[in-house]
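Structural description and commentary
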Amino acid sequence: MAELKLENIKVKRESFNLEIPLLCVSAGKILGVQGKSGSGKSTLLNAIAGFEPLEEGTILFEGRIISAMPTELRRVAIVFQRPALFSHLNVLDNVCFGLKVQGMRLAERQKKGRYWLERFGLGHLSDRFPHEISGGEAQRVALARSVVVGFPVLLLDEPFSALDVESKVKCRMAVKEVVKELSLAVILVSHDAEDIQSLADDYCLLELGKMIKFDSVKK
């Protein structure tokens, strides 16, 4: 089974050190990450995505060392707390942007983009612009944009924290379905225990750059 694996990684940033001896996430599974502000949660995601260089250690996926690759070749998608949609592009073009960068032809990428908009319950919004949709809808657009490119690893950094209760429920359901369908290896950072409880298979707790707990989520 495909697996994202971190071995003896160390990230050094000014006076802060993140050290993870071993961490594994299998395809089709979600690992929840919790911890206080400054514990290293976002640093962990940025290291996997390639935004933070490793001092030591390796990051592997399917046995390949992706930490030796530039960010654009790692096939890792990331969704942040704020959707960061392109204001000059409509919803469909926002979702299809990564496919355009990959060189996919217009008709094919629009077909794929419309499919994922429908999956996230957003098909009726394809021609609207970011300022014309709600915050919850924008976050679902960001999630659709992250999966349409077909990357096997998905990183979620507080993706639901700015949403209202109804939007959170919709986004959680959408993520849960897509992770299973596409067999994604997912790391979810969240302060919300309900996010972890409803989505994660396992969770770990970070404190001052160290992993102090790892356990399965009791459903």
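The preceding data block contains the structure.
To start, this report covers the structure provided alongside it. (Residues numbered from 1 in each chain as written. Predicted model: local features only at pLDDT ≥ 70, side-chain atom pairs only at ≥ 80, totals over all residues. Heavy atoms only, no water.)

**Observations concerning the packing of helix H3 (residues 106–119) against helix H4 (residues 135–148)**
- Between H3 and H4, whose axes approach to 9 Å, the crossing angle comes to 130 degrees. By the angle class used here, H3 and H4 are oblique. The way H3 lies across H4 gives a crossing that is right-handed. Contacts between H3 and H4 involve Lys112, Gly113 and Trp116 from the first element and Ala144, Val147 and Val148 from the second.
- Split into classes, the residues belonging to the contact of H3 with H4 amount to four nonpolar, one polar and one charged. (Axes fitted to C-alpha atoms, helices over the stretch in contact; angles between N-to-C directions. Helix = DSSP H or I, 4+ residues; strand = E, 2+ residues; numbered from the N terminus. Parallel < 35°, antiparallel > 145°, perpendicular 65-115°, else oblique. Left-handed = near helix turned anticlockwise from the far one by under 90°. Contact = heavy atoms within 4.5 Å. Nonpolar A, V, L, I, M, F, W, Y, C, P; charged D, E, K, R; others polar.)

**Thoughts on the packing of helix H2 (residues 91–101) against H4**
- Where H2 contacts H4, the two axes come as close as 8 Å, and the packing angle between them is 25 degrees. Here H4 runs roughly parallel to H2, going by the angle between their axes. Relative to H4, H2 is oriented so that their crossing is right-handed. Between H2, through Val91, Asn94, Val95 and Leu99, and H4, the contact on the second element is made entirely by Val141, Ala144, Arg145 and Val148.
- For the contact of H2 with H4, the per-class residue count stands at six nonpolar, one polar and one charged.

**Points about the packing of aromatic side chains**
- Evaluated as defined, the whole model comprises three aromatic pairs.
- With 4.7 Å between their ring centres and 50 degrees between their planes, Phe86 and Phe97 make a pair best called tilted. Taken together, the residues Phe86 in the loop between strand E6 (76–79) and H2 and Phe97 in helix H2 connect sequence positions eleven residues apart.
- Residue Phe97 is classed as partly exposed on the basis of its relative accessible area, which comes to 34%.
- Judged by centre distance (6.4 Å) and plane angle (50 degrees), the rings of Trp116 and Phe120 are tilted. No difference in accessibility class separates Trp116 from Phe120, as the two residues are buried.
- Taken together, the ring pairs in this structure connect Tyr115, Trp116 and Phe120 into an aromatic cluster. (Phe/Tyr/Trp six-rings, centres within 6.5 Å; stacked < 30°, edge-to-face > 60°. Buried < 20%, exposed > 50% of the residue type's maximum accessible area, 1.4 Å probe, protein only.)

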